[in-house]
Amino acid sequence: MSDADLLFRPDLLAKYGANGPRYTSYPTALQFRDDFDPADYRRAAADPGASETDLSLYFHIPFCDTVCFYCGCNKVITRNRGRAKPYLAQMIREVELQAALFDTKRPVSQLHWGGGTPTFLSLDEMSTLMAATREHFALQPDDAGEYSIEIDPREATAHTIAHLRSLGFNRLSLGVQDFDPVVQKAVNRIQPLELTVDVMNAARTNGFESISVDLIYGLPYQNVKTFSRTLETMLLLAPDRISVFGYAHMPHLFKMQRQMDEATLPTPAERMALLRLVIEQLTEAGYVYIGMDHFALPTDELARAQAQRTLHRNFQGYSTRADCDLIGFGASAIGKVGDVYAQNAKDLIGYGAAIGAGKLATTKGVRLTADDRLRRDIITELMCNLELRYDELEAAYGIRLPATFAAELDRLREFERDGLVARSADRLEVLPAGRMLVRNIAMVFDRYFGAQQPERFSRTI
Ligand code: SF4
């Protein structure tokens, strides 16, 4: 049986596929409370227990030149490049405000610029932001940290890539979605192949350590024949990581998606065929299926970390770094400090007003309970390392896991009968047929899921 046959079980995907969280946090953002304010965040930052980990810094740059109709990100569409300037000043002010709350000697082992389109900033603006960050936080010497940036190849040249490398970035994540011109037109993202090739070549020439590429299946006009060509082309370019996300059609939440003709979207059966194609083509080419939407070359650090059971998950997805405290900068950015998640105002006006008044822009958040922490650890182990070893959690939390989670383990009996998981006296293992459904397995341990509105989440398959 091929790897694809083991992973891809259409009967089980149809039976278990449902709407559910991606668990970049637990509890999910739906549990963030409106009465969480900057004072709560300050208290979390001042907690001495929080000061032992490295720091991770996330910067959200929300601007995009044009809209991609499928997009569900928090972004601001504008052709006016001048809008970056005041926002940049606000982010730099926020760097100062946040730096005052933390022991800034803590090494910054992760840094990420996301969006929107981070390269909407000019080269000088990028330099200014990185210089301010370096002035206030302990950025690491080259390659001691995992410093990544999301790149839209339509908004970057070889010169941009060289500049980013000189600023300290060593990992790139490229948005591609599909090379097919018909699909690109339907989603309003015209991106000739040459642009992607140029950026990837420049990244290699400049010594970027890891190149990751995002594709999407389930977009208008996609079919097995054309998407197979996209995958073939991508395999020739040989990125270290490939993520293939299932398009989540949620026009009730994202109005721009109404610009696409629903009749041109693949049917559920066609989506399944596309998913099977992805699994087959990438695993046959030697990529390791990490989980959810992610594939990596066996030499890539994600694949190695998973083999060593040291993979983690954060707001950017899978990560090899141990659990850092995460400081989020910019509108809508989410931070995780100790046992607290906190989110900045989502809109530019609210964000700018708070920062302009010399205040933190925190508008929402949640402090985890002991039960949340335990469940977060369980979900992380299942999602990242595909196994739950009871003794590790029992020692950490002083529980007997089978007794504490008797109801959850009971609910997993059906998953076990279907071959998604295997249970023994001391561990729960996600089997190959369960790997694509790992979100559904994790959902069994989510205390809040039943009370949340499933339509707020994307389909797990
Ligand atoms: S997909 Fe990226 S470039 Fe397109 S609108 Fe969304 S954030 Fe902007």
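Model, not experiment: these values are computed from the prediction.

1. Some words on the packing of helix 9 (residues 224-237) against helix 10 (residues 268-284)
Their axes nearest at 10 Å, the elements helix 9 and helix 10 cross at an angle of 25°. Judged by the angle between their axes, helix 9 and helix 10 are roughly parallel. The crossing of helix 9 and helix 10 is right-handed. Contacts between helix 9 and helix 10 involve Val224, Phe227, Ser228, Leu231, Glu232 and Leu235 from the former and Ala273, Leu274, Leu277, Val278, Gln281 and Leu282 from the latter. A per-class count over the contact of helix 9 with helix 10 returns nine nonpolar, two polar and one charged.

2. Notes on the nonpolar core
Core analysis: the largest hydrophobic core is formed by 125 residues, its most contacted members being Leu57, Phe59, Leu111, Trp113, Ile161, Phe169 and Phe445. With eight residues, helix 4 (residues 84-99) is the largest single contributor of residues to this core. The two domains that each donate at least three residues to this core are domain 1 (1-27 + 370-461) and domain 2 (29-326). Not counting chain neighbours up to four residues away, the residues in contact with Leu57 comprise Val108, Gln110, Leu111, His112, Thr133, Phe137, Leu139, Leu326, Ile327 and Phe329. Within the second largest apolar cluster, twelve residues are counted, among which are Cys68, Phe69, Tyr70 and Tyr247.

3. Here's the deal with helix 10
With 17 residues, helix 10 extends 24 Å from end C-alpha to end C-alpha; this agrees with the ideal 24 Å at 1.5 Å per step. Buried within helix 10 are the following residues: Arg271, Leu274, Leu275, Leu277, Val278, Ile279, Gln281, Leu282 and Thr283. Of the surrounding secondary structure, the elements contacted by the buried residues of helix 10 are helix 1 (3-7), helix 2 (10-16), strand 8 (210-217), helix 9, strand 9 (241-246) and strand 11 (294-296). Just downstream of helix 10 lies Gly286, where phi reads positive at about 100°.

4. As for the pattern of salt bridges
This model, assessed by the stated rule, comprises 33 salt bridges. For Asp410, the salt bridge goes to Arg413, with nearest N and O atoms at 2.7 Å. It is possible to trace a salt-bridge network through shared partners that takes in Arg309, Glu381, Glu387, Arg389, Glu392, Arg427 and Glu429.

5. A short note on the packing of helix 5 (residues 123-136) against helix 6 (residues 158-167)
Contact pair helix 5 / helix 6: the axes reach a minimum separation of 10 Å and the direction vectors enclose 10°. In terms of their interaxial angle, helix 5 and helix 6 are classed as roughly parallel. Here Leu123, Met126, Ser127, Met130 and Arg134 of helix 5 come into contact with helix 6, specifically with His159, Thr160, His163, Leu164 and Leu167. Classifying every residue of the contact of helix 5 with helix 6 by side-chain character gives five nonpolar, four polar and one charged.

6. Concerning the packing of aromatic side chains
In total, this model carries 14 aromatic pairs according to the counting rule given. Here the aromatic rings of Phe32 and Tyr341 are separated by 5.9 Å at their centres, their planes lie at 20°, and the arrangement is stacked. Linking Phe32 in the loop between helix 2 and helix 3 (38-46) with Tyr341 in strand 16 (residues 340-344), this pair joins segments that are 309 residues apart in sequence. Seen in terms of ring centroids, Tyr289 and Phe295 are 5.1 Å apart; in terms of plane orientation they differ by 45°. Their pairing is tilted. What makes Tyr289 buried here is its relative accessible area of 4%. What links up through ring pairs into an aromatic cluster is the set Phe59, Trp113, Phe137, Phe169 and Phe329. A cation over an aromatic ring shows up here: Arg165 above the ring of Phe208, its NZ or CZ 5.7 Å from the ring centre. Taking NZ or CZ as reference, Arg313 lies 4.7 Å from the ring centre of Tyr318, over its face.

7. A short note on the domain arrangement of the protein
Under the domain assignment used here, the protein contains domain 1 (1-27 + 370-461) and domain 2 (29-326). At the junction of the two partners, domain 1 supplies 32 residues and domain 2 supplies 32 residues. Buried surface at the junction of domain 1 and domain 2, both sides included, amounts to about 2,800 Å², of which 60% is carbon and sulfur. Three residues, Phe8, Thr24 and Cys384, lead the burial of domain 1 against domain 2; their summed loss comes to 20% of the area buried on that side. Taken together, domain 1 and domain 2 are joined by five salt bridges. Here Glu392 ties to Arg309 by a salt bridge, and the two come within 3.3 Å at their closest N and O atoms. Mapped onto the side of domain 1 that touches domain 2, the elements with two or more residues apiece are helix 1, helix 2, helix 13 (370-385), strand 18 (387-389) and helix 19 (438-443). A total of five residues in the side of domain 1 that touches domain 2 trace back to one element, the largest contributor, which is helix 13. Residues belonging to the side of domain 1 that touches domain 2 are distributed by class as follows: 15 nonpolar, six polar and eleven charged.

The rules we used
Residues numbered from 1 in each chain as written. Predicted model: local features only at pLDDT ≥ 70, side-chain atom pairs only at ≥ 80, totals over all residues. Heavy atoms only, no water. Axes fitted to C-alpha atoms, helices over the stretch in contact; angles between N-to-C directions. Helix = DSSP H or I, 4+ residues; strand = E, 2+ residues; numbered from the N terminus. Parallel < 35°, antiparallel > 145°, perpendicular 65-115°, else oblique. Left-handed = near helix turned anticlockwise from the far one by under 90°. Contact = heavy atoms within 4.5 Å. Nonpolar A, V, L, I, M, F, W, Y, C, P; charged D, E, K, R; others polar. Core = buried A, V, L, I, M, F, W, Y, C linked by side-chain atoms within 4.5 Å. Buried < 20%, exposed > 50% of the residue type's maximum accessible area, 1.4 Å probe, protein only. Domains from an automatic or database assignment. Expected span 1.5 Å × (residues − 1). Salt bridge = Lys/Arg side-chain N within 4 Å of Asp/Glu carboxyl O. Phe/Tyr/Trp six-rings, centres within 6.5 Å; stacked < 30°, edge-to-face > 60°. Lys NZ or Arg CZ within 6 Å of the ring centre and 35° of its normal. Buried area = accessible area lost by both parts, 1.4 Å probe.

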